[in-house]
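Here is how the chains run, residue by residue.
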Amino acid sequence: MSNKYAIGVDYGTQSGRAVLVDLSNGHELADHVTPYRHHVMDEELPSGVKLEHDWALQHPQDYMEVLEQSIPAVLKATGISAEDVISVGIDFTACTVLPVDANGTPLCLLEPFANNPHAWVKLWKHHAAQPEADQINEIAAARNEKWLKRYGGKISSEWMLAKLWQVLNEAPDIYEEADKFVEAADWVVGIMTGNIVRNSCTAGYKSNWHKQDGYPSEEFLSALDPRLEKLTSTKLRGEVLPLGSKAGELTEEMAAKIGLKPGTAIAVGNIDAHAAVPAVGAVTPGKLVMAMGTSICHLLLGEEEREVEGMCGVVEDGIIPGYYGYEAGQSAVGDIFEWFVEECVPAYAYREAEAAGENIHVYLTRRANELKPGQSGLLALDWWNGNRSVLVDTNLTGTMLGMTLLTKPWEMYRALLEATAFGSRKIVEAFHSNGVTVEELYACGGLPQKNKLLMQIYADVMNREIKIAASRQTPALGAAMFGAVAAGAEKGGYDNIVEAAQKMARIREETFKPIPENVAVYNKLYAEYNQLHDYFGRGDNEVMKRLKAIKEKAAECCAP
Ligand SMILES: Nc1ncnc2c1ncn2[C@@H]1O[C@H](COP(=O)(O)OP(=O)(O)O)[C@@H](O)[C@H]1O
Ligand SMILES: O=C(CO)[C@@H](O)[C@@H](O)COP(=O)(O)O
């Protein structure tokens, strides 16, 4: 049999990318990135309709462009024949959800609904359903719902149930009109195959679906709101298939658009961070993978189901079949650095960066690297987009202490890098101390490629060595591996993901090792971080929430 290939498509927060992979060894022969034309819509719709606070939407057309531009681009770059591409696998941010009609057409693309924000794709970091999430948590706890423990005792406003309830509360017409609500991962797969099926990974982590028990009961849903009683048999209906299953085959119409052969195997979708796990070879317990980009997701396998405070979820077979897959995360990491460079860096720093031929991140990192740990005198809490673990509260906000008239932008930048590392340590400790052992750390995603100082800080703060993915596009590589499993060994793919990982996963030789004198200083700073974390995050001082309430009130009375 001639060499066979798969294409992995990774849908991130700001762009989507395709990677063409050699299935015999995991080598990535070409990649191509398509930025989303409409970016993240957090202020207004394309028509100019204004959005409220904490909204984050996307445009489904942007997802199509990724397929139509990036897949032909990788075929062209490699000259590989479409005949030899046996499958496509995709991964997506999640819960990124859209309402569709009976034909699978997004409601936002239909004229009568285009001006209603609720008809659009709600991106994972849409946080405006926090009131619904709070009620879900209260009612589920009061009813002692057994599934709640699998989600660290609280579900997030980022997830399906909270988002759908918000639609029902604020736009009942859209809720009624929707034939189904689907994860964007499943929608894109459905576009390729002509048939929408759901995948067990997004269903398990984001829609509270369980392999044996299914979704939360109708009694629970009706206790939330009688209108939600039949939610799972109506708006969320549909087969849930395990990871690595074949969702279907590429249709003639889509094949013509993206340059592949009709009949190419299409795998069920996956979550971006979760797809990265086999791509670094972490197919056994004890290996915690940090998918580091706009946000960080922390993924870990365990032999049994345990309760861990604030984890996003534990799902049987959720990452690798045969294990319990644990997820936790920080809702903003790269996003905090981006906010800082866009909103807080003075003109002189930009001029110096330009004169040095550096982008602003590289410039600030170089200057920050001239400092020793602790030298800035600053300490920050990393809650610019709320806290996803261990407090699970999107109403928490960021803070920085210790500034003086002499504080420099690179000191603040370093304090932000450090704050995100402290947040990650908190998560690692929560797993480890609850019996889900963390023995090794792996990092993948955009940030480890972009910032060595950041990675050294993480190694020092956590006092652990960090191994780095060799791939620049780890989730896409993982998605291609699941694609290869969907095609099967007979077609030149693999029978299971562990075999695929043995042949295709790669990590770099270079690792980041903790430097003992840095570790000692960071232990002290982490103790301070912990105190601040609990003071502001566990109810001692609810000032962040009070400020938010005052802000919302002020916005209401000043609205035109
Ligand atoms: N040199 C850098 N150091 C730290 N962060 C950076 C640097 N360059 C870009 N970033 C951040 O990286 C993030 C994008 O990460 P990436 O992994 O490429 O994207 P995604 O999360 O969409 O997959 C942005 O939030 C940006 O602020
Ligand atoms: O929430 C999840 C996964 O559970 C992610 O999709 C989300 O954090 C977005 O990831 P990126 O930072 O865009 O890679």
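As the structure is a prediction and not an experimental result, all values here were calculated from the model.

About the criteria used
Residues numbered from 1 in each chain as written. Chains lettered and ligands numbered in written order. Predicted model: local features only at pLDDT ≥ 70, side-chain atom pairs only at ≥ 80, totals over all residues. Heavy atoms only, no water. Axes fitted to C-alpha atoms, helices over the stretch in contact; angles between N-to-C directions. Helix = DSSP H or I, 4+ residues; strand = E, 2+ residues; numbered from the N terminus. Parallel < 35°, antiparallel > 145°, perpendicular 65-115°, else oblique. Contact = heavy atoms within 4.5 Å. Nonpolar A, V, L, I, M, F, W, Y, C, P; charged D, E, K, R; others polar. Pairing = 2+ DSSP bridges. pLDDT = per-residue confidence, 0-100. Buried < 20%, exposed > 50% of the residue type's maximum accessible area, 1.4 Å probe, protein only. Polar contact = N/O pair within 3.5 Å; in protein donor to acceptor, adjacent residues only side chain to side chain. Phe/Tyr/Trp six-rings, centres within 6.5 Å; stacked < 30°, edge-to-face > 60°. Lys NZ or Arg CZ within 6 Å of the ring centre and 35° of its normal.

Asker: Which residues make up the packing of helix 12 (residues 360-369) against helix 13 (residues 409-433), and what values do they have?
Answerer: Helix-helix packing is described using two parameters, namely the angle between the two axes and the distance between the axes. With their axes 8 Å apart at the nearest point, helix 12 and helix 13 run at an angle of 90 degrees to one another. With respect to their mutual orientation, helix 12 and helix 13 come out roughly perpendicular. For the pair formed by helix 12 and helix 13, the contact residues are His361, Tyr363, Leu364, Thr365, Arg367, Ala368 and Asn369 on the first element and Pro409, Trp410, Tyr413 and Arg414 on the second. Classifying every residue of the contact of helix 12 with helix 13 gives six nonpolar, three polar and two charged.

Asker: Tell me about the sheet that holds strand 21 (residues 466-469), residues and numbers included.
Answerer: Strand order in the open sheet formed by seven strands is 16-17-15-14-20-21-22, with mixed pairing between adjacent strands. What marks the edges here is a single partner per strand, and that holds for strand 16 (313-316) and strand 22 (507-512). When the angles between neighbouring strand axes are averaged without regard to direction, this sheet yields 25 degrees. Bridge count between strand 21 and strand 22: three bridges; the pairing is antiparallel. In the strand pairing of strand 22, lysine 467 is matched with threonine 511. Strands strand 14 (287-292), strand 15 (296-302), strand 17 (324-330) and strand 20 (440-444) of the sheet are contacted by helix 13, whose axis makes an angle of about 155 degrees with strand 17.

Asker: Talk me through the confidence of the model for the protein chain; I want residue IDs and the actual numbers.
Answerer: Where the model shows low pLDDT, its predicted coordinates should not be examined in detail. For the protein chain, per-residue confidence averages 97 on the pLDDT scale, and residues scoring 70 or more make up 99% of the total. Both scores are available for the predicted complex, with the pTM at 0.93 and the ipTM at 0.95.

Asker: Residue-level account of the side chain of arginine 414, with values.
Answerer: Within the element layout of this structure, arginine 414 appears in helix 13. The buried category is assigned to arginine 414, whose relative accessible area is 4%. Only 3.0 Å separates the side chain of arginine 414 from the backbone oxygen of leucine 371, close enough to count as a polar contact. When neighbours within four sequence positions are excluded, arginine 414 is seen to be in contact with Ala368, Asn369, Leu371, Lys372, Pro373, Leu453, Ile457 and Tyr522.

Asker: Talk me through unusual backbone geometry; I want residue IDs and the actual numbers.
Answerer: Here the amide bond leading from alanine 94 into cysteine 95 is cis, since omega sits at -5 degrees, within 30 degrees of zero. Between serine 389 and the following residue, valine 390, the backbone shows a cis peptide bond with an omega angle of 5 degrees. Along the chain, valine 390 falls in the loop between strand 18 (379-381) and strand 19 (399-401). In this structure, asparagine 208 takes a positive phi of about 55 degrees despite not being glycine. Tracing the backbone shows asparagine 208 in the loop between helix 6 (200-206) and helix 7 (218-224). Although it is not a glycine, aspartate 317 adopts a positive phi angle of roughly 60 degrees. By secondary structure assignment, the location of aspartate 317 is in the loop between strand 16 and strand 17.

Asker: Provide a residue-level description of the environment of proline 448, including the pertinent values.
Answerer: Tracing the backbone shows proline 448 in helix 14 (residues 446-450). The spacing of proline 448 and glutamate 411 is 37 residues in sequence and 20 Å in space, taken between C-alpha atoms. With sequence-adjacent residues up to four places away left out, proline 448 is seen in contact with Met292, Ala443, Met455, Ile468 and Arg508.

Asker: Outline the packing of aromatic side chains, listing residues and values.
Answerer: Under the definition given, this model contains 19 aromatic pairs. Relative to tyrosine 413, the ring of phenylalanine 337 lies with its centre 5.9 Å away and its plane at 55 degrees, an arrangement referred to as tilted. On the criterion of sequence distance, the pair formed by phenylalanine 337 in helix 10 (residues 334-343) and tyrosine 413 in helix 13 is long-range, its members being 76 residues apart. Centroid distance tyrosine 535 to phenylalanine 536: 5.0 Å. Interplanar angle 65 degrees. Geometry classified as edge-to-face. Given the relative accessible area of 35%, tyrosine 535 is considered partly exposed. Given a relative accessible area of 15%, phenylalanine 536 falls into the buried group. Each member of the aromatic cluster is reached from another via a ring pair, and the members are Phe337, Trp339, Phe340, Trp384 and Tyr413. Looking at lysine 235, its charged tip hangs above the ring of tyrosine 175, at a distance of 5.2 Å from the centre. Just above the ring of tryptophan 410 sits the side chain of arginine 367; from NZ or CZ to the centre is 3.9 Å.

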